[in-house]
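Remarks on the overall topology
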Amino acid sequence: MRTLAITGASCVTAVGHDGPPTAASVRAGISRFAEYDDYRDENDNPITVARIRGIHDSWDTPQRMAGVAALCLEKLLDEYFRQDPRRPPQIHLFLGVASEERPGPRYEESSLFPLRGIIGKWTDKPDIQAIPRGNASMMYALEQAGRLIDSNPDAVCIVGGVDSLLRTSTLNWFEKDCRLKSASYGRHQGLIAGEAVGFMVIGEHAGAKQADRPILGSIAGLGLAVEPAPRASSALGRNSGLTEACHAALSGVQKKTIRAVFSDLNGENSRAREWGMAEMRCFDKPDESRRLWTPANCYGDIGAASGVVLASIAMQGLVRGWLQSPILVTCSDDHGPCGALVLESAK
């Protein structure tokens, strides 16, 4: 498979309305959690959540997230085509959304029309495909984008993710298993529900360099796997899926030292055990210089947007010099899909 390059990125989270402010907030440890009367548990206690504020605040969640996604994608494409305004024959969007098994919206239903309209400004043939792999959607989307670029190196591919856990049916699903963290009713472990949108332009590395596109980072390794006993099942977890995905991603950079890990760890003990097992299995020995970043501490669990946002933050760190490559990015979903990628600085 050809080397993939990231040539554009944009995201919206509870701590920033684009990639640079989100990355700066995560680097500084700034969080945006609050209790809203709109979100309550079955005992009428307010639930602590991380909500995107200042964009379509009065809209219902699916319509609000569709509006945020449209603004995010429009900003990305406007910047991407500013250097070269030629219209490509087709633009392909692989949109990560929640697993079909998770209650609540998967958001492509509400996002499809506005996103197609945004892409239609730049091509006569917008192509959108939903990737319902939850937290690991970005890695699965990258695999599909890579296959397309392999057969057509000039293809313009966008990998994205949109998700919000701030929907009653979704929150109730987490709450019934006592997975929500909230100091108001004495639960100090668990996840804080969040929401986010992110998009990246993916292209062939050599082609982007030849076209003088700004290369923000390159994908040096990619791994996909499925956990046979996922958290959403009643089976005893084996924690083998994330290990397998990390092994595959790291296989391409065996002689290089991973400088940082960006994970979608969300405050749940089961997720910490899963990563702990993967770390012990994938690295020969502990390395104090290898920092583990867990941005959910700042913007909450953002579901299917996790991979794109994590990669965006890591990429900002490489571009601005406060991180060194290579960087491992890992995600795993409640329903089994796991993904990992190795991100390197532009060459």
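Here the structure is a predicted model, which is why all the values come from computation and not from measurement. (Residues numbered from 1 in each chain as written. Predicted model: local features only at pLDDT ≥ 70, side-chain atom pairs only at ≥ 80, totals over all residues. Heavy atoms only, no water.)

**Considering the side chain of E268**
As for its placement among the helices and strands, E268 is situated in the loop between β9 (260-263) and α8 (269-282). A polar contact of 3.0 Å, which involves the side chain of E268, links it to the side chain of N266. Discounting chain neighbours no more than four positions away, the residues touching E268 are R179, G190 and L191. (Helix = DSSP H or I, 4+ residues; strand = E, 2+ residues; numbered from the N terminus. Polar contact = N/O pair within 3.5 Å; in protein donor to acceptor, adjacent residues only side chain to side chain. Contact = heavy atoms within 4.5 Å.)

**What about the sheet that holds strand β6 (residues 156-164)?**
Reading across the sheet, the ten strands line up as β5-β4-β6-β7-β1-β8-β12-β11-β9-β10 and stay open at both edges, with mixed pairing between neighbours. The sheet is open, and its two borders are formed by β5 (126-131) and β10 (291-293), each paired with just one other strand. Averaged over all pairs of adjacent strands, the angle between strand axes in this sheet comes to 25°, irrespective of strand direction. Pairing analysis gives three bridges linking strand β1 (residues 4-12) to strand β8 (residues 217-226), with the strands arranged antiparallel. Across the sheet, the residue bridging to L4 is I219, located in β8. With respect to the sheet, helix α4 (residues 137-151) is in contact with β1, β4 (91-96), β5, β6, β7 (195-204), β8, β11 (327-332) and β12 (337-344), its orientation differing from that of β8 by roughly 115°. Docked against the sheet, helix α10 (residues 306-320) engages β1, β6, β7, β8, β9, β11 and β12, running at close to 165° with respect to β11. (Pairing = 2+ DSSP bridges. Axes fitted to C-alpha atoms, helices over the stretch in contact; angles between N-to-C directions.)

**Comments concerning the packing of helix α7 (residues 241-250) against α8**
With their axes 9 Å apart at the nearest point, α7 and α8 run at an angle of 40° to one another. Considered as vectors, α7 and α8 are oriented oblique to each other. Regarding α7 and α8, the two cross each other, and that crossing is right-handed. On α8, the residues that touch L242, T243, C246, H247 and L250 of α7 are E274, W275, M277, A278, R281 and C282. Broken down by class, the residue content of the contact of α7 with α8 amounts to seven nonpolar, two polar and two charged. (Parallel < 35°, antiparallel > 145°, perpendicular 65-115°, else oblique. Left-handed = near helix turned anticlockwise from the far one by under 90°. Nonpolar A, V, L, I, M, F, W, Y, C, P; charged D, E, K, R; others polar.)

**Some points on empty space enclosed by the protein**
Counted by the stated rule, this structure contains three cavities of 30 Å³ or more. Forming the boundary of the largest cavity are 21 residues, of which N135, F174, D301, D333 and D334 lie nearest the centre. Estimates place the volume of the second largest cavity at around 50 Å³. The wall of the second largest cavity is formed by S263, D264, P295, A296, Y299, G300, D301, I302, S306 and L310. Every element with two or more residues in the lining of the second largest cavity is listed here: α9 (296-299) and α10. Tallied by class, residues from the lining of the second largest cavity come to five nonpolar, three polar and two charged. (1 Å grid on protein atoms, 1.4 Å probe; cavity = no way out; pocket = protein on both sides within 12 Å on 5 of 7 lines; lining within 4 Å. Points joined across faces, edges and corners; volume = space filled by probe spheres on them.)

**Considerations on unusual backbone geometry**
For the peptide bond that leads from S325 to P326, omega is 0°, which places it in the cis range. Secondary-structure assignment places P326 in the loop between α10 and β11. One non-glycine residue, H56, lies in the positive phi region at around 50°. Summarising the element assignment, H56 is placed in the loop between β3 (46-49) and α2 (61-83).

Geometric values such as these leave the question of function open.
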